[in-house]
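Listed here are the chains, written in short residue letters.
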Amino acid sequence: MDELQVVGQVVGGNFGDIVIRQKAGTNLEIGDLMVSEENGSFLILQVFALEYGSQIQDRMQQMMSGVNLEQGVVDAHFYEPEFVNYVLARIKPLARVFKENNDVKIPKSLPSFFNKLRLITNEDLKFLQKEGDQIMVGHIRSGSKVIKEAEVWLPAQDVFSHHVLIPATTGRGKSNLVKTILWYLLDANKVGALVLDAHDEYYGRTGPGLKDHPKSKDNLVYYTPSNPPVGANRLTINLETIRPDHFEGIIELSDPQLAAMRMAFRKNPKGWISDLMKTSAIDSGMEPGARAEFAAGTLMVVQRKLRLILSLEVDEEQVIVSRHEVFDSTTKGITTVDDIVKDIEQGRVVVLDTSRLGDEAELIVGNIIASKLLQKYKDAKATGELDRKPVATIVIEEAPRVIGEDVLKSRNDNIYATIAKEGRKFKVGLTAITQLSSVIPKTILANMNTKIILGNEMKQEREAIIASASQDLSEDDKNIASLDKGEAIVTSIFVPFAMPIKVPLFEDIVKQKGIVQNTGKTKVF
Amino acid sequence: MKFAHLSDIHLGFQKHEALQKVEQQVFEKALDECISRKVDFILIPGDMFHVNIPEMRVQKYAFAKFREVYDAGIPVYVVYGSHDFSPVSNSVIDLLAEVGYIIKVTKATSNEDGTISLGFLVDEGTGAKIAGLSGLKVGKDREWYEKLDRNGLEAESGFKIFLFHGGISDMKTDSGMDGDHMPLSLLPKGFSYYAGGHMHKWNHQEFSDYAHVVYPGTPFAGYHADLEENAKGQKRGFVLVDFDEKVNSVDFIELENTQYEIIEVDANNRKADSVNSELVEKTKGIDPNEKVVIIKVAGELTSGKTADVDVSGIRDSLNESGSLVVNISKNQLKSKEYSITEAKGANKEEVETNVFAENIGQLRFEKPDLVGEQGVKLAKKLLRELGQGQLVNEKKNEYIPRVRDNVLAILGVDKDDSQ
């Protein structure tokens, strides 16, 4: 090893907590990756703590400081300061790479004692080559230094069928990461995605977005409730596609309320919501002579919930209209759900602009589609055709709304929880984005086999993430807390070690790889 | 002021003489209605003919009728549909346009920057401004819409009509409607009326920015499934629109075509014998005289082959009883014992290979050439040979033996082997 490259030397510690002395003149950072060359292989190690070391006793140093500060002796120096005072870095081994075949294994031994270490380079990361249909999530990051040539690719089909969790607080680059992931999904039709886009930020109506992907015409489908841009679809869902069970686990309904909805559904499966909305609660509750099916109060509550959640109103011609135009009671949007499911089955990314919908309405829309999708995948499994279908993933923000502990305890399972629990068998996964991982039950967290961890200043959240990570991150608490915008750690059963990455800026990806305008003439008949 | 909107007439589609007559009658009746109702102009957005050059019989009566419309002073505005288009203006549409009986609407200019500009035609009698784009097969026209320079089209004032030929996903009314649909947002906004073709059922909807998007549907039948829809009561006809500065009313004018009987049998979880007896029973209960009879058998048989459901006898008896035509639909009939599993592939070749590979395991033959990989190869060779068309100048009595001999050679059998 070139002496100039050396940044430190192993001086002590134990497995998982090795102490190295930093070479004077170098500046190690938390998260820095370094390499210890061994016989036929090399170890990749990561700095997780930094502290001072000195050959002079503490009391002596404190006295020296006193001389300096209190007695005004300005030219008091240590003799050979680089030799006497230094930085100790505590590092942990991440991976052992065998030079012969680029095989990466979990390390089980210490680096040689007194071995000199250097910082990682692009050459050391050759094992990260892209194979098959993969998605890029970022470049390897050593501390705050980004190794541009070392791209981290994840096997898309495996990752998305085994669920993905993206824990992050606001402003840490969450939407940039999601856009980047979806961008790479658009490259191939191997993973279909339903994206509930509550902020209408992925398609790129006004700025750069997924629409700029060269394959967006074929692989991206965008639904928005009003004024769709050229080529986009109108998000209209006919009320006849909604069933009472789509509300389960999403909103709180008492047994009588649910019974009222089910009864109306049985009587008129296609027009039950309209029927319920138009029935006079008072008349039906006080029908003379006959026992009313429901108490007037129950019906009124059901009507109020439907009205508020789906933003429904009855117009003067007794037609049900929705204020945000997403739900329709006439002839529009009858095939929207089926069309979306078909698109996902063909490996397309379907982005739904749900920014106009309330929280619950958004979840209900997602529920209708996801239920149908899961059912189709279950049927495909039963007939042996599942192998031919692409993996499907449902991308949902603020995931605790549907898979939070309190929601799952107080209500029945909803489709998102079902997918989190059993979707993997049917190639349907969840991509859950959340600020609050701690409220998601451990059983579900443990099932999310890929976590792309962005910065998080809340200790409780970091602990929940660390406890459920696919690699041991017990020493990474501070590391996670200090992640800057766009910096992340990928922990997954599909990567050899927890990879520190820097997510590329989406705008840069668009600039480099976005659509080049065709300027040729087109023949029109 | 008023105009008529017809589409998807598919003249020349019907192969059976009795239905050809109906096809002609409906077409003539529709245009007679337009003349008698004194419409100011007629719009036909595509698939007026089933192919770009239909047989002479069809051309003859079409020319005769359009001559009458022309003599009545009614302009007919058309765009090509996916069936009758020709990239080199080699369609009967172009003949009709050449003699002045109809007017092709598409006035497109391809610009250097890749965009497409579209001009308006102005109907002299009413001042209505008409623009439009033709429809191509499998949605290839989508690119035109994506490149369309919308600003000029949308800024134009006055009563504007846009003619288009293609499915609009926002207008779909049932999930079974597969195929190429494009979102409404690809059409330019702000026209007073969108005259659509391609979807075969009457459909009229209003959207913000898109007032009155209308498909009249076929006046009779352009696909085999249309006859079945007719038998189930689907209304057929054309659209009459009353307008001044805006559309005042859109009315559907129904046209009678012929009479139907439909026999539907659900074969799910049944044996062929029981399906056959139900078919016989149901046939007894109908009066087929001068009617189109549709027989539809769908579902999954518990055993046997789908060919065991035998409808040939029923067809004969219905024909003897004076039915116009007997149409039999068994393509949704499957068998648990033997069914074709679909398979995907990147291209036609791959799809064929995969479908054969998926299904060949169901066959039990002793000859090793007929099963496994060898069987797939053989099946592909056979398919290729049987798909050969008749050569130009080749007579039928030359074509049939040529294909037969080639097929026998592929199978490695002599034509006398069966005897």
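Residues numbered from 1 in each chain as written. Chains lettered and ligands numbered in written order. Predicted model: local features only at pLDDT ≥ 70, side-chain atom pairs only at ≥ 80, totals over all residues.

A. Structural detail: the overall build of chain B. Counting secondary structure elements, chain B contains eleven helices and 20 strands. Residue burial in chain B is summarised as follows: out of 419 residues, 37% are buried. Residue pairs in contact within chain B that sit at least 24 positions apart in sequence constitute 70% of those at least 6 positions apart. (Helix = DSSP H or I, 4+ residues; strand = E, 2+ residues; numbered from the N terminus. Buried ≥ 20, exposed ≤ 12 C-beta atoms within 10 Å, placed from the backbone. Contact = placed C-beta atoms within 7 Å.)

B. How the structure looks around the overall build of chain A. When helices and strands are counted, chain A shows 18 helices and 23 strands. In terms of overall dimensions, chain A has a C-alpha envelope of 105 × 65 × 45 Å along the principal axes. Of all 525 residues assigned to chain A, the portion counted as buried reaches 47%. In chain A, 70% of the contacts between residues at least 6 apart in sequence involve partners at least 24 apart.

C. Focus on the nonpolar core. Ranked by internal contacts, the top residues of the largest apolar core, which has 146 residues, are Leu182, Leu194, Val195 and Tyr416 of chain A. Looking at this core, the element that brings in the most residues is helix α11 (residues 359-382) of chain A, giving ten residues. In this view, Leu194 of chain A contacts Ile340, Ile344, Val350, Gly366, Ile369, Ala370, Ile394 and Val395 of chain A; residues no more than four positions away in its chain are not counted. Judged by nonpolar contacts, the second largest core, of 97 residues, contains Val39, Leu163, Met199 and Ile263 of chain B. (Core = buried A, V, L, I, M, F, W, Y, C linked by C-beta atoms within 7 Å.)

D. Structural detail: the sheet that holds strand β14 (residues 210-215) of chain B. With mixed pairing, the six strands of this open sheet are ordered in space as β7-β8-β9-β12-β14-β13 (chain B). The two strands at the open ends of the sheet, each matched to only one other strand, are β7 (121-122) and β13 (203-207) of chain B. (Pairing = 2+ DSSP bridges.)

E. A look at the interface of chain A and chain B. Opposite the 24 residues of chain A that make contact, chain B presents 29 residues. Those elements that provide at least two residues to the side of chain A that touches chain B are β13 (233-234) and α10 (336-345) of chain A. Of the residues contributing to the side of chain A that touches chain B, the split by class is seven nonpolar, ten polar and seven charged. (Nonpolar A, V, L, I, M, F, W, Y, C, P; charged D, E, K, R; others polar.)

F. Fine view of the domain arrangement of chain A. All names here are of chain A. Structurally, chain A comprises domain 1 (3-128), domain 2 (135-236 + 333-512) and domain 3 (241-327). Measuring from the centre of the C-alpha atoms in domain 2 to the corresponding centre in domain 3 gives 33 Å. Counting from both sides, the interface comprises 20 residues of domain 2 and, opposite them, 15 residues of domain 3. A breakdown of the residues in the side of domain 2 that touches domain 3 according to their chemical character gives nine nonpolar, seven polar and four charged. (Domains from an automatic or database assignment.)

G. Here's a closer look at the domain arrangement of chain B. Taken domain by domain, chain B holds domain 1 (2-254), domain 2 (259-335) and domain 3 (348-411). The C-alpha centroid of domain 3 of chain B is placed 40 Å from the C-alpha centroid of domain 1 of chain B.

H. The arrangement of the sheet that holds strand β4 (residues 103-104) of chain B in detail. Residue and element names in this part refer to chain B. Taking strand neighbours across the sheet as the criterion, the six strands line up as β4-β3-β2-β1-β15-β16 in an open arrangement whose pairing is mixed. Of all the strands in the sheet, the pair left with one neighbour each is β4 and β16 (247-254). Bridge count for strand β1 (residues 2-5) against strand β2 (residues 41-45) is three bridges, and the pairing is parallel. Bridge pairing links His5 to Leu43 in β2.

I. Up close: the environment of Glu248 of chain A. All names here are of chain A. Within the fold, Glu248 resides in the loop between β14 (237-238) and α6 (255-267). Glu248 sits 124 residues away from Lys372 along the chain, and the two C-alpha atoms are 15 Å apart. The residues contacting Glu248, other than those within four sequence positions of it, are Asn412 and Asn414.

J. Quick look at the pairing of strand β20 (residues 428-434) of chain A. Residues and elements named next belong to chain A. Here β20 lies mainly inside the structure; seven of its seven residues are buried. In β20, alternate side chains face the same way, and those of Val428, Leu430, Ala432 and Thr434 on one face and Gly429, Thr431 and Ile433 on the other are all buried. Across four bridges, the pairing between strand β10 (residues 164-167) and β20 is parallel. Following the sheet pairing, Pro167 is matched in β20 by Thr434. Here five bridges tie strand β19 (residues 391-396) to β20, and the two strands are oriented parallel to one another. Counted as the bridge partner of Ile394 is Leu430 from β20.

K. Inspection of the confidence of the model for chain B at higher detail. In the predicted model, chain B carries a mean pLDDT of 90, and the fraction of residues at 70 or more is 96%. Confidence estimates for the predicted assembly give a pTM of 0.85 and an ipTM of 0.81. (pLDDT = per-residue confidence, 0-100.)

L. Structural context of α10 of chain A. Residue and element names in this part refer to chain A. For α10, the buried fraction is high: seven of the ten residues fall into the buried class. For α10, every residue scored as buried is listed here: Thr336, Val337, Asp339, Ile340, Val341, Asp343 and Ile344. Lining the buried residues of α10 we find β11 (191-197), β12 (220-224), β14, β18 (349-353), α11 and β19. Positioned one or two residues after α10, Gly347 has a phi angle of 80 degrees, which is positive.

M. How the structure looks around the environment of Leu110 of chain A. Residue and element names in this part refer to chain A. Turning to its location among the elements, Leu110 is positioned in the loop between β6 (103-105) and β7 (116-119). Residue classification places Leu110 among the partly exposed positions, given that 16 C-beta atoms sit within 10 Å. When the C-alpha atoms of Leu110 and Pro504 are compared, they prove to be 34 Å apart, with 394 residues separating the residues in sequence.

N. Molecular detail of the environment of Gly16 of chain A. Residues and elements named next belong to chain A. The residue Gly16 is located in the loop between β1 (6-14) and β2 (17-22) in this model. Take Gly16: there are 15 C-beta atoms within 10 Å of it, and that puts it in the partly exposed class. As for Gly16 and Gly429, which are separated by 413 residues in sequence, their C-alpha atoms are 33 Å apart.

O. Region of interest: the pairing of strand β19 (residues 325-329) of chain B. All names here are of chain B. Pairing between strand β18 (residues 291-301) and β19: five bridges, direction parallel. Directly across from Ile294, in β19, lies its bridge partner Asn327. Taking the sense of rotation as the criterion, the β-α-β connection linking β18, helix α8 (residues 312-320) and β19 turns out right-handed. (Right-handed = clockwise from strand over helix to strand, strands pointing away.)

P. How the structure looks around helix α2 (residues 56-71) of chain B. Residue and element names in this part refer to chain B. Here α2 is 16 residues long and its end C-alpha atoms lie 22 Å apart, about the 22 Å a rise of 1.5 Å per residue gives. Every buried residue of α2 is listed here: Val58, Ala62, Phe66 and Val69. For α2, the angular spread of buried residues about the axis comes to 50 degrees, placing them on one side. α2 presents Met56, Arg57, Lys60, Ala64 and Asp71 as exposed residues on the side facing more than 90 degrees away from its buried surface. Residues of α2 that are buried sit in contact with α1 (17-36), β2, β3 (76-79) and α3 (92-98). Gly73, located one to two residues past α2, shows a positive phi value of around 75 degrees. (Expected span 1.5 Å × (residues − 1). Arc of directions from axis to C-beta.)

Q. Local environment of the packing of helix α10 (residues 372-386) of chain B against helix α11 (residues 396-411) of chain B. Residue and element names in this part refer to chain B. At their nearest, the axes of α10 and α11 sit 10 Å apart, and the two run at 175 degrees to each other. With respect to each other, α10 and α11 are oriented roughly antiparallel. Where α10 abuts α11, its residues Leu378, Lys381, Leu382, Glu385 and Leu386 lie against Val403, Asn406, Val407 and Ile410. (Axes fitted to C-alpha atoms, helices over the stretch in contact; angles between N-to-C directions. Parallel < 35°, antiparallel > 145°, perpendicular 65-115°, else oblique.)

R. Structural view of unusual backbone geometry. With phi around 45 degrees, Glu398 of chain A is a residue other than glycine that occupies positive phi space. By the element assignment, Glu398 of chain A lies in the loop between β19 and α12 (400-403). Look at Asp47 of chain B: it is not a glycine, yet its phi comes out positive at around 55 degrees. Given 26 C-beta atoms within a 10 Å radius, Asp47 of chain B is considered buried.

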